[in-house]
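Structural overview
Residues per chain, in single letters:
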Number of protein chains: 2
Amino acid sequence: MNAASLLIEPVKPDNGWPPPYLLYLGDAPDELSAKTARGVAQFRPEACIGQFRGPNCQVDLGLPDMTPADACAKGARTMLVGVANAGGRMDPASVAHVVQALEAGLNVASGLHALLADQPAIAAAAQARGLTLFDARVPPATGVGTGLRRAGKRLLTVGTDCSIGKMYTTLVIAEEMRRRGMRADFRATGQTGIFIAGQGVPLDAVVADFISGAIEWLSPERHDGGWDVIEGQGSLFHASFAGVTLGLLHGAQPDALVLCHEPGRPHMRGLKHYPLPSLMTALDASLSAARLTNPAVRAVGVALNTSKVDDAEAERLCRETEDRLGLPTQDPLRHGVGRIVDEVRERFP
Amino acid sequence: MNAASLLIEPVKPDNGWPPPYLLYLGDAPDELSAKTARGVAQFRPEACIGQFRGPNCQVDLGLPDMTPADACAKGARTMLVGVANAGGRMDPASVAHVVQALEAGLNVASGLHALLADQPAIAAAAQARGLTLFDARVPPATGVGTGLRRAGKRLLTVGTDCSIGKMYTTLVIAEEMRRRGMRADFRATGQTGIFIAGQGVPLDAVVADFISGAIEWLSPERHDGGWDVIEGQGSLFHASFAGVTLGLLHGAQPDALVLCHEPGRPHMRGLKHYPLPSLMTALDASLSAARLTNPAVRAVGVALNTSKVDDAEAERLCRETEDRLGLPTQDPLRHGVGRIVDEVRERFP
């Protein structure tokens, strides 16, 4: 499957942060820190005019480098702050670059925990020009979760770790379902997904008491026979973020789980002292937790991120995993997700 | 054990919400909604001058009824808003009562999600008088959890459900340890515990990404051979709040778990469609989750809340549970927690 072929619903033009976009990378130190920008460039290529990089940036999205003024002259309407760091803070250089974008006439949208509007220089520049500041990490006001069963089918991605391919897998499953004439909607739970879909819940920014309630809000009952394909977050085995993952599992009350994994990853993301769980351990724990709100939940496939090995090794890893877990196993980027969606159709006719 | 005998560290006098207290009950509809006020009255009796009740209040703490002006004349310094409701909102009658307290000269401390300072009438009244508004549900700024092992021993209470006796159990275990000459500190994770201890983390108000990090902050390394006795929250089996519980388990990296349960409770608190898990199911799940950050974790006892049955039945329930789980089982209110602390000393000499 070619990512560029994905049919993502366009962002509504009246949402305050309209395309086209200039993608801000700042001094992104590595690929993972720039995953938001890369995701938007990959899934909304028609909306991305250029990239704006700091002097120490280690990432290149392959877009033309340009300043906010250049981007504005080429028609850009919004600068997306597409970098993330642990804790989501905003450094002085980023603040200065955001002010530069506003002074050039661009709206600014950010996925950081730190709010744009909390920076006085940014707030003043936006107000002076009548431009919009959009913080993708400001969650909607929702109630606490009820755990009540609701109509409709839901598929959720879970993972052995963070940053392992859950969003990508979710997007391509939703697209593959639509390609086959099924009704399917991608439900975003992180800032990158929100920037791609134009809506969603920034789950890591929700107040702890409301995690499952926010997902019940994001994926309400549906009666059209279609699927909500919900973006997973974190991992039950990540010592920093597992609470988010568990609340998401309970709120989603998934019918179907797809487990995401990257073979060969040496340790949990950001935690050098923690090895990854085995696939079977992660799958069993996810199914066990999900049964609380949907006792009929079942696994329908495994998505492997094999980006670091060659085609033959990727094939071997998928076959080996498939034999071991008894579930269709594919790398969504190399192989698409056709066999996983076959399994969904067979198990939920 | 008599609650009044507990030696709780006094609130520091310079914390902005000094004792003595007037406990505000408003129109509390039932006992559970007033558990914050009751907890303070029970564990800090010397600090409580009276209660201030609305016309429809269904709760009586046995303290003298008085208005804020009466309380002020008797020496009160702070009114504690000791009622809670799902979602933590503040109704117009409560706002008016808080303003009345400020106008009488009392500082005000609240444990609701809704912030005192967000009510213009309250903010104005406090500012006009130079009085302090303290919101116990505003969490400290902390980092994300690291999962790194830290020195010191930690005991955590877990439960089959919410509102089942975890705070009470934690308080009496810390006190029993101190009575025996052990070093032990109660670590509060909810608004009632914070009001009792004078400090802590309101875990349900922490942003989801920071749940385990907040607990690592609350219970840092200690090298004096003593115990942090950490107040549990929620339940891994509560469809609304399990994410909070899991992050707490991971952040606490407990050496010892005490399982809290109320025999005969018909369904999960607030969720009529969810039965309680069995004690063994809840204990296994808690131990399994806790092993991620402390593989050596072990259970040291069961605390039963037998308030709805007589002494003989309470004895029978404890014996039966003890035989089934192989752990010392006591009702902390009826029997104290001596045998549970015996088990701690035996397992952690």
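Residues numbered from 1 in each chain as written. Chains lettered and ligands numbered in written order. Predicted model: local features only at pLDDT ≥ 70, side-chain atom pairs only at ≥ 80, totals over all residues. Heavy atoms only, no water.

Describing the confidence of the model for chain A
Residues and elements named next belong to chain A. The criterion, for reference: Every residue carries a pLDDT, the predictor's confidence in it, which falls somewhere between 0 and 100. Residues are treated as being in contact if the distance between any of their heavy atoms lies within 4.5 Å.
Across chain A, pLDDT averages 92, with 95% of residues at or above 70. Every residue in residues 1-14 scores below 50 in pLDDT, and together they form 29 contacts with partners more than four places removed in sequence or on other chains. Scored by ipTM, the complex comes to 0.86, with pTM at 0.87.

Describing the sheet that holds strand β3 (residues 78-81) of chain A
Residues and elements named next belong to chain A. Inclusion rule: Pairing between two strands requires that DSSP report at least two bridges joining them. Only DSSP runs of H or I with at least four residues qualify as helices, and only runs of E with at least two residues qualify as strands; both kinds are numbered from the N terminus onward. The convention used is that axes are lines fitted to C-alpha atoms, helices contributing only their stretch in contact, and that angles between N-to-C directions extend from 0 to 180 degrees.
In spatial order, the strands read β2-β1-β3-β4-β5; together these five strands make up an open sheet with parallel pairing. Each edge of the open sheet is held by one strand with a lone partner, namely β2 (48-53) and β5 (133-135). The average angle at which neighbouring strand axes cross in this sheet is 20 degrees, direction not considered. Strand direction decides the pairing type here: strand β1 (residues 21-26) and β3, joined by four bridges, are parallel. By the bridge assignment for β3, L23 is matched with L80. Against the sheet, helix α1 (residues 35-43) engages β1, β2 and β3, with an angle of about 150 degrees to β1. Packed on one face of the sheet, helix α3 (residues 92-104) meets β1, β2, β3, β4 (107-110) and β5 and runs near 165 degrees to β3.

Here we look at the packing of α3(A) against helix α4 (residues 120-129) of chain A
Residues and elements named next belong to chain A. Which entries qualify depends on this criterion: For this classification, under 35 degrees means roughly parallel, over 145 means roughly antiparallel, 65 to 115 means roughly perpendicular, and everything else is oblique. All amino acids are sorted into three groups, where Ala, Val, Leu, Ile, Met, Phe, Trp, Tyr, Cys and Pro are nonpolar, Asp, Glu, Lys and Arg are charged, and the leftover types, Gly among them, are polar.
Contact geometry of α3 with α4 gives a least axis separation of 9 Å together with a crossing angle of 5 degrees. One element, α3, and the other, α4, form an angle in the roughly parallel class. Each of V95, V98, V99, L102 and E103 in α3 lies in contact with α4, whose residues at this interface are A121, I122, A125, A126 and R129. Along the lines of polarity and charge, the residues of the contact of α3 with α4 split into eight nonpolar, no polar and two charged.

Observations concerning the relation of the copies chain B and chain A
As a reminder of what qualifies: Here the copies are matched by least squares. The fit uses the C-alpha atoms of residues with pLDDT of at least 70 in both.
Superposing chain B onto chain A requires a rotation of 179 degrees together with a translation of 0.2 Å along the rotation axis, leaving an RMSD of 0.2 Å. The two molecules are tied by a two-fold rotation axis, judged by turn and shift. Take the interface residues of chain B: 97% of them recur as interface residues in chain A, which is what a same-surface contact looks like.

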